[in-house]
Amino acid sequence: MADNIHLSLKGIRKSFKSGEVLKGIDLDIAQGEFITLLGASGCGKTTTIRIIAGLDMPDEGRVILDGADITDLPPEKRNVNTIFQNYALFPHMNVADNISYGLKIRKVSKAERRAKAEEMLRLVRLEGRGDRKVSELSGGQKQRVAIARALINEPKVLLLDEPLGALDLKLRRQMQLELKRMQKQLGITFIYITHDQEEAINMSDRIAVMHKGLFEQIGTPDEIYYRPKTSYVANFVGNANIIRENGKTYAVRSENVVILEKEAAVHFEGAGPGITESAQEAESVPETAVPAQKLTIKDGSEYDAKVLEKSFAGGQLRIEFELKDGQHVVASRSGLNSVLTAGQMTRIGWRAEHAVEVIDDGI
Amino acid sequence: MMGSDGRNRNTAGGSLSAGSGSGRAKKNKRKRSSVWILMMPLYAFTIVFVLFPLLYMGFLSFMSRAEVWGFVNEFTLGNYKRILEPLYLNTFKDSLKLAFISTIVNIFIGYPYGYFMARLDEKWKRIMMLLLMIPFWTSGLIRLNGWIIVFRSNGILDKLLMGLHLTDAPLKLLYTYPMVVFGMIYALMPFMILAVYSSAEKMDWTLVEASRDLGAGAAETFFRVTLPLTMPGLLSGVILTFIPSMGLFFVADLLGGNKIVLIGNIIQQQLTKGRNLPFAAALSVVLMVLTSLLIALYRRIAGTRQLEGLI
Ligand SMILES: Nc1ncnc2c1ncn2[C@@H]1O[C@H](COP(=O)(O)OP(=O)(O)OP(=O)(O)O)[C@@H](O)[C@H]1O
Ligand SMILES: [Mg+2]
């Protein structure tokens, strides 16, 4: 990593009238890497890539591309292109003219422009749509034109600001795969913005989790998901429960929360070998016939808990509990319903290896 | 008060009965006829005050002149023939030239003004708009008279310049051609500014950023993106300044003395001193045809886009 740094941000700070938006961010990106800036709305993602593109000037810090300081270069002098959040296609040009705009600026001959534009249209699967008006395109098509318009310039770095935000879920999935395919095929460095953690995990080589103008953690999707460093990262990326106990803070993802009493088959796999024999029997027991068995966890923690609420979301049943000290814990499992009812008392717990100690940043 | 009350009740009643009626078609029909009724006064107004006078003017232009006032019911092409006399042809030419010059200046000052005004933040936009509107609170005639006080021989400007020893004799600016051009520009500039402003305001600024991002410099971005996208505004600004500057006779009157004669002045003179109604009508018809041709040309260029600021 260290020896093929392609783009790096060094101590970037930026303030607007509303306050300090970037509070000194550092980031090293390798050639051909797909890196995602992930964070809640307003955390400074767009500002970061606008500074890389040269559309905003940092108050402090440097932007280095291939060893050259490009901080003071205007946007047209940087070999960096952007896919804007609203696509920003030129309404007075047709699709082909939009795509070949960068070539026209560089005075490439008409024949070559046309050939390249055709090639790009094929790449983004819009063959034969070159003479369409921009206003005649669907959201997904506009998005692909914007990608083609940027890629035709063969940028060193492509910046993508929530390019799939406006698309419906199905098209989004499809475009995620296509973007990833194009990125691999072309070997261009992608800096990708999203606030959808699933998208970030699916697509990225590395994820930089951003929070209030700082990177909380930069790492592979695995690292971010399984070994979050801070409570914010654990909560934002893994939807983990944040448990505070004996002056320490732990993150426990909801699928690792095991219900030990009154609800037999819950989280059998998640519980794994740490659960006593009786769980094996419990597996075959139909949900309606609730055995009065009790599970115990060998190496982990157990708590008395009150059932607060059950809800079904995102293909999962979520059960929220309240511990004796008032902390709330969410357990999730596949399935539509549970025999537990609100107000009931039960016991829950998790294995020690599933409780990741994190730095507490108050979330 | 009574009237508006009554109308409100009527429409409310109308929609009620339509709602309880059977079926969509009936509702639509009812709606369309009520729209038509509402439009009636507008049509009537247009017919009485626009269409009829126009037709009447056309008719007049083919009539003969009466001794004292009015016209004699005798068909003639003489009025139009007379326009072909060098005196009048030259006046048309001069008027077009003046309109052309003042429009060009208006473009070069008004476009940047309107464009940058659209880029200001909301507060400053409001302030600039107000500054632009304040002059309209006073009649144009009074404002032009104000300029006379400034520009006349030994007027405010001369006194100032001579007081500062920048000049040692009056400049004699008043009653010159540049003064009339100045007056036209002064009178019509706000229309150019507002027309450009209205289309620059609507333009998506990220398009400019996108162009820069794709490698175009600031100047190239202006010509490839900003100018094409604000062209409708610029063109309606041209229409709004070019056409009136051929007809604003009082500007030439007040600031040009009787040395500079525009087509508007001739029409006015023929109506008043000359008492030649049919000839004034013929001149007006020609002027109107000229301006209509310009608008047609504009529509050609602007395509199907709306005449921004005009409508
Ligand atoms: N030009 C500007 N002037 C003033 N404040 C700004 C400007 N641009 C951004 N901000 C502020 O900076 C903060 C970060 O904005 P930014 O657009 O970088 O957020 P983001 O992470 O991209 O959010 P989102 O996910 O909603 O797009 C916001 O609070 C925003 O209001
Ligand atoms: Mg953003």
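Residues numbered from 1 in each chain as written. Chains lettered and ligands numbered in written order. Predicted model: local features only at pLDDT ≥ 70, side-chain atom pairs only at ≥ 80, totals over all residues. Heavy atoms only, no water.

Moving on, we come to the overall build of chain B. Across its full length, chain B carries 13 helices and two strands. Counting every position in chain B, which comprises 311 residues, the buried fraction comes to 35%. Put simply, of all contacts in chain B between residues at least 6 apart along the chain, 65% involve residues at least 24 apart. (Helix = DSSP H or I, 4+ residues; strand = E, 2+ residues; numbered from the N terminus. Buried < 20%, exposed > 50% of the residue type's maximum accessible area, 1.4 Å probe, protein only. Contact = heavy atoms within 4.5 Å.)

As a further point, take the interface of chain B and chain A. Each partner contributes residues to the interface: chain B has 19 residues there, and chain A has 25 residues. Summed over both partners, the interface of chain B with chain A buries about 1800 Å², with 57% contributed by carbon and sulfur atoms. By the criterion of area lost to chain A, the three top residues of chain B are Asp213(B), Leu214(B) and Arg224(B), representing 40% of everything that side buries. Our enumeration of links across chain B and chain A arrives at two salt bridges. Put simply, Arg212(B) and Glu76(A) hold a salt bridge, and the shortest N to O gap is 2.8 Å. Run the count over chain B and chain A and you get eight residue pairs in polar contact (both at pLDDT 80 or more). Of all the secondary-structure elements, those providing two or more residues to the side of chain B that touches chain A are helix 9 (205–213) and helix 10 (218–247) of chain B. (Buried area = accessible area lost by both parts, 1.4 Å probe. Salt bridge = Lys/Arg side-chain N within 4 Å of Asp/Glu carboxyl O. Polar contact = N/O pair within 3.5 Å; in protein donor to acceptor, adjacent residues only side chain to side chain.)

Here is a general trend for soluble globular proteins: nonpolar side chains tend to be buried in one another's company. Residues and elements named next belong to chain A. Grouped together as the largest cluster of nonpolar side chains are 41 residues, with contacts concentrated most on Leu37, Phe90, Tyr101, Leu159 and Ile191. What Leu37 contacts, discounting residues up to four positions off in sequence, is Leu27, Lys45, Thr48, Ile49, Ile191, Tyr192, Ile193, Thr194, Ala208 and Phe215. Phe34, Ile99, Val124 and Leu167 belong to the second-largest nonpolar core, a separate cluster that totals 34 residues. (Core = buried A, V, L, I, M, F, W, Y, C linked by side-chain atoms within 4.5 Å.)

Our focus in this paragraph is the packing of helix 9 of chain B against helix 10 of chain B. Residue and element names in this part refer to chain B. Here helix 9 crosses helix 10 at 145°, and the two axes come no closer than 9 Å. Two packed elements cross with a definite hand, and for helix 9 against helix 10 that hand is right-handed. Residues Leu207, Val208, Ser211 and Arg212 of helix 9 form the contact with helix 10, whose participating residues are Ala218, Thr221, Val225, Thr226 and Leu229. Partitioning the contact of helix 9 with helix 10 into residue classes produces five nonpolar, three polar and one charged. (Axes fitted to C-alpha atoms, helices over the stretch in contact; angles between N-to-C directions. Left-handed = near helix turned anticlockwise from the far one by under 90°. Nonpolar A, V, L, I, M, F, W, Y, C, P; charged D, E, K, R; others polar.)

A few words on the pattern of salt bridges. Residues and elements named next belong to chain A. In this structure the tally under the stated criterion is 25 salt bridges over all chains. Close ionic contact of Glu178 with Arg181 constitutes a salt bridge, the shortest N to O distance being 4.0 Å. Highlighted residues: Glu178 and Arg181, both in helix 6 (residues 169–186), separated by three residues, approximately one helical turn. Given the relative accessible area of 5%, Glu178 is considered buried. Where Glu302 meets Arg347, a salt bridge forms, and the shortest distance between an N and an O atom there is 2.8 Å.

The next point concerns the confidence of the model for chain B. All names here are of chain B. Looking at chain B as a whole, its pLDDT mean stands at 83, while 86% of the residues score no less than 70. For chain B, helix 1 (residues 2–20) is the element with the lowest average pLDDT, namely 37, and helix 9 is the one with the highest, namely 95. Counting contacts from residues 1–23, a segment whose pLDDT is below 50, to residues more than four positions away or on other chains yields six contacts. Within the model, pLDDT remains below 50 along residues 304–311, and this stretch shows 15 contacts once partners closer than five positions in the same chain are excluded. (pLDDT = per-residue confidence, 0-100.)

Moving on to the site of ligand 1. All names here are of chain A. Close to ligand 1 lie 13 residues; Ser41, Gly42, Lys45, Thr46 and Thr47 are nearest. Within the side chain of Gln85, a nitrogen or oxygen atom sits 3.4 Å from an oxygen atom of ligand 1. Relative to its unbound accessible surface of 630 Å², ligand 1 loses 61% to contact with the protein. Top contributing element to the shell around ligand 1 by residue count: helix 1 (residues 45–53), with three residues. (Near = heavy atom within 4 Å. Areas by Shrake-Rupley, 256 points an atom, 1.4 Å probe, with all protein chains shown as cover.)

Before going further, it helps to examine the pairing of strand 17 (residues 345–351) of chain A. All names here are of chain A. With five of seven residues buried, strand 17 is to be regarded as a mostly interior element. Pairing analysis gives two bridges linking strand 13 (residues 258–259) to strand 17, with the strands arranged antiparallel. Within strand 17, the residue paired with Ile259 across the bridge is Ile348. (Pairing = 2+ DSSP bridges.)

Here we take up the confidence of the model for chain A. With 90% of its residues at a pLDDT of at least 70, chain A reaches an overall mean of 87. Low pLDDT, under 50, characterises residues 264–292 of chain A; the stretch is placed with 44 contacts to residues that sit more than four places away or in other chains.

Tracing the backbone shows Ile297(A) in the loop between helix 11 (278–282) and strand 14 (300–313). The spatial distance from the C-alpha of Ile297(A) to the C-alpha of Trp350(A) is 7.2 Å, given a sequence separation of 53 residues.

A few words now on the pairing of strand 1 (residues 5–16) of chain A. Consecutive side chains of a regular strand alternate in pointing toward one face of the sheet and then the other. Residue and element names in this part refer to chain A. Inspection of the sheet shows strand 1 paired to strand 2 (residues 19–30) by nine bridges, in the antiparallel sense. Along strand 2, the bridge assignment pairs Arg13 with Lys23. What sits between strand 1 and strand 2 in their antiparallel hairpin is a turn of two residues.

Bringing the sheet that holds strand 16 (residues 328–333) of chain A into the picture now. Taken in spatial order, the five strands of this open sheet run 13-17-14-15-16 (chain A), and their pairing is antiparallel. Looking at which strands have only one partner, the edges of the open sheet turn out to be strand 13 and strand 16 of chain A.

Quick look at the side chain of Thr189(A) now. Residue and element names in this part refer to chain A. Residue position: Thr189 is located in strand 8 (residues 189–194). The exposure class assigned to Thr189 is buried, which follows from its relative accessible area of 0%. Among the polar contacts made by the side chain of Thr189, one reaches the main-chain amide nitrogen of Gly32 at a distance of 2.9 Å. In contact with Thr189, not counting residues within four places along its chain, are His6, Ile29, Ala30, Gln31, Gly32, Glu33, Lys156, Val157 and Leu158.

With that settled, consider the environment of Phe222(B). Its location among the elements puts Phe222(B) in helix 10. Spatially, the C-alpha atoms of Phe222(B) and Val208(B) are 8.0 Å apart, while their sequence positions differ by 14 residues.

Residues and elements named next belong to chain A. Strand order in the open sheet made by the four strands is 2-1-4-5, with antiparallel pairing throughout. The open sheet has two edge strands, strand 2 and strand 5 (68–69), and neither has a second partner. Taken together, the five bridges between strand 1 and strand 4 (residues 60–65) define a ladder with antiparallel strand orientation. The partner of Leu7 across the bridge, within strand 4, is Leu65. Seen against the sheet, helix 1 touches strand 1, strand 2 and strand 4 and runs at an angle of roughly 120° to strand 1.

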